[in-house]
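Single-letter residue listing:
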Amino acid sequence: MTTMKITLSQQPAPKAWGKSAIISADNSTIQIHLQQDELNTIQKAARKIKGQGISEVELVGEGWGIEQCWAFQQGFISVKNAGNVIFPSLGCDQAEFDARLACSVFARNLINEHAETLTPEILAQRATEFIQQQADKYAGEGKVSFEIISGEALKEKGYHGIWTVGRGSANPPAMLQLDFNPTGQSEAPVLACLVGKGITFDTGGYSIKSSEGMSTMRADMGGAALATSSLGLAIARGLKQRVKLYLCCAENMISSNAFRLGDIITYRNGVTAEVLNTDAEGRLVLADGLIDADKQKPQLIIDCATLTGAAKVAVGNDYHSVLSMDDQLVKELLDAAKKENELFWRLPFDHFHRSQIRSNFADIANTGTIPTPAGASVAVAFLSYFVENYQQQWLHIDCSATFRKTANDLWAVGATGIGIKTLANILTSR
C-alpha cells in the first residue's frame, strides 16, 4: 500500500481546490493549508484525509511539533480501519507524545469495548493492570497497591450504592481501590483522590431507556476510563506524590433482583437516599467512592462521570462540564485545559441546589424534586452529601465529551480521550 506524505503549508490552497480549502494534493503528497486556528485545521484535515480512504500516511517537512502531530492523530484515528501514521522524530518531546498516545489508546479502547466482554470486574482489573504497567515503567516497581471488592463482599463492607445498582446483573459489581505511592512511605499524605463512574452498561433499570438512548451505554464507564488514563499520564510525566484511585463499577440491568423506584439506600456516612429514578444510577455508585476518597483527607478530590444528559444538552459533545464551588480550583482546571488544548466549560453548582433533592422518606432523593430542576446541578448536589467539605478542593467532571455517537469534522465516531491531558496536568503541577 502506498504511503501518502503529509506536509504543512502557510500558504492558501490553489483556487482550484475551492474557497478556504484546507487540503490540496498531487500524486504522492497532500498539503494541509493552515488557517487561523492551526491545530483545529490540522485535525479537520486529518479527518478529511481519512475520509477519503487514505489509511497509510507519513508526516514530513517543517512545522510538525508535538501539538501538530497530536492534532493530526486525534483527527486521523477511528474505530474501523485504524490506519497507520508515521510521525517525525520529536526529539525531547518524543517521550511525552508516546505517553499521551499510550494513555489515549488505553482509554479509547476501553470505552469502545462492548459490555459483553468488559464487565465490572474486568474493568477494575484492566485499570489496575494499566496503572501497574505505568508505575513499573516510570516510577519503579512496588509503587502500587490495590484491592478489588466485588459481589456480596460489597454489601458486607457497606458499599451499598454500588451493590444496589449492580445486584440485578449476572455480572457482579466491583470497586477498585488503588494506591499509587511513589514515596515508599506508608504514612505519606495523599495529594489527590480520583473517583470514576464505571457503569459498564446502563439499561436505565426500571426507568428504562429507549433503544436510541441505550445504544451507546457501553460508554457509560467513560469516567472510570478518564480517571485511570489521567493518572497513567501523570505517572508518565513524573508524578512524585501519592494519588488514590477509586472506580465504582456495575451494570445497571433489569431482573427480579434489580433495585426499584422507592428503594432507600443507607450509606456508610449515615446519609439515606431514596431512589426516584433508576436511570440516575451513576450518582448512587459514585457516593461510595467519594466517601472513601473523603476519608483520605487529600488536597484534592476529582470525580469523573458520564453523569447527566443535561450536561450534554448544555455543552454538546465538544466540552467536558466542570461543577464546583471552589472558584480557584475551577480556574486551575480551566487554565490547565487551555494549556493542553482541551475544552472544559463550567456549569453552576450552588448551595440552593442541595435543597432541590428533598425526599419525603429519606435524607435526599437521587433526582430533582422540584419542577424543572437543573439536571447536572442537582446531580452534583446529590454527590455533595458524601464530601464533608464540599465547598473546597472538590471538582466534579461531567464527561460530556467522552464519546461521540456521530462524527463531525474533528472527530470520528467513538471515544475521544478528551480530558486526559488536563487532569494529568493538574496532578503534576501541584
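Criteria and thresholds
- Residues numbered from 1 in each chain as written.
- Predicted model: local features only at pLDDT ≥ 70, side-chain atom pairs only at ≥ 80, totals over all residues.
- Heavy atoms only, no water.
- Salt bridge = Lys/Arg side-chain N within 4 Å of Asp/Glu carboxyl O.
- Helix = DSSP H or I, 4+ residues; strand = E, 2+ residues; numbered from the N terminus.
- Buried < 20%, exposed > 50% of the residue type's maximum accessible area, 1.4 Å probe, protein only.
- Pairing = 2+ DSSP bridges.
- Core = buried A, V, L, I, M, F, W, Y, C linked by side-chain atoms within 4.5 Å.
- Contact = heavy atoms within 4.5 Å.
- UniProt positions renumbered as here; feature names shortened; annotations may be inferred.
- Patch = residues over 30% accessible without salt bridge, like charges linked within 9 Å, V, L, I, M, F, W, Y side chains within 5 Å.
- Areas by Shrake-Rupley, 256 points an atom, 1.4 Å probe, with all protein chains shown as cover.
- Lys, Arg positive; Asp, Glu negative; His and termini not counted.
- Polar contact = N/O pair within 3.5 Å; in protein donor to acceptor, adjacent residues only side chain to side chain.

## Observations concerning the pattern of salt bridges
Turning to step 1, where the next piece is worked out: Scanning the entire structure with this criterion turns up 23 salt bridges.
Turning to step 2, where the next piece is worked out: Among the salt bridges present, the one from K209 reaches D279, with a minimum N-O distance of 3.1 Å. Residue K209 is located in the loop between β8 (190-202) and α7 (211-214), and its partner D279 is located in the loop between β11 (272-274) and α9 (282-295); the two are separated by 70 residues in the primary sequence.
Turning to step 3, where the next piece is worked out: Across the pair R430 and E332 runs a salt bridge whose closest N-O atoms are separated by 2.9 Å. In this pair, R430 is assigned in the segment after α13 (420-428) and E332 in helix α11 (residues 327-339), connecting sequence segments 98 residues apart.
Turning to step 4, where the next piece is worked out: For R430, a relative accessible area of 30% puts it in the partly exposed group.

## A closer look at the sheet that holds strand β10 (residues 264-266)
Strand pairing in a sheet takes place through backbone hydrogen bonds and is either antiparallel or parallel in direction.
Turning to step 1, where the next piece is worked out: What the three strands build is an open sheet, ordered β10-β11-β15; its pairing is mixed. Either end of the sheet is taken by a strand with one partner, and the two such strands are β10 and β15 (364-365).
Turning to step 2, where the next piece is worked out: In this sheet, β15 lies alongside β11 in parallel orientation, the contact comprising two bridges. Opposite A273, over in β15, you have I364 as the bridge partner.

## Some remarks on the nonpolar core
Turning to step 1, where the next piece is worked out: One finds L231, L239, L245 and I302 to be the most contacted residues of the largest nonpolar core, which totals 56 residues.
Turning to step 2, where the next piece is worked out: Looking at this core, the element that brings in the most residues is helix α8 (residues 222-236), giving nine residues.
Turning to step 3, where the next piece is worked out: What I302 contacts, discounting residues up to four positions off in sequence, is C193, L194, V195, L395, I397, L423 and I426.
Turning to step 4, where the next piece is worked out: By size, the runner-up hydrophobic cluster in this structure holds 49 residues, among which are A311, I357, A379 and F386.

## Thoughts on the UniProt feature "domain: Cytosol aminopeptidase" (unreviewed entry) in the protein chain
Turning to step 1, where the next piece is worked out: As recorded in UniProt, the feature "domain: Cytosol aminopeptidase" (unreviewed entry) lies at residues 277-284.
Turning to step 2, where the next piece is worked out: The distance from the first to the last C-alpha atom of residues 277-284 is 11 Å, and the span holds 38% helix and 0% strand.

## Concerning a nonpolar patch on the surface
Turning to step 1, where the next piece is worked out: Residues Y206, I208, I254 and L261 make up a contiguous nonpolar surface patch of roughly 390 Å² in combined accessible area.
Turning to step 2, where the next piece is worked out: The exposure class assigned to I254 is partly exposed, which follows from its relative accessible area of 37%.

## Examining the side chain of R108
Turning to step 1, where the next piece is worked out: The residue R108 is located in helix α3 (residues 94-112) in this model.
Turning to step 2, where the next piece is worked out: Put simply, R108 is tucked away with no salt bridge, and the nearest opposite charge, on E342, sits 8.8 Å away.
Turning to step 3, where the next piece is worked out: Among the polar contacts listed, one links the side chain of R108 to the side chain of Q74, at a separation of 3.0 Å.
Turning to step 4, where the next piece is worked out: A polar atom in the side chain of R108 sits 3.1 Å from the backbone oxygen of T416.
Turning to step 5, where the next piece is worked out: If sequence neighbours within four positions are ignored, R108 has contacts with Q74, I77, W411, A415, T416 and G417.

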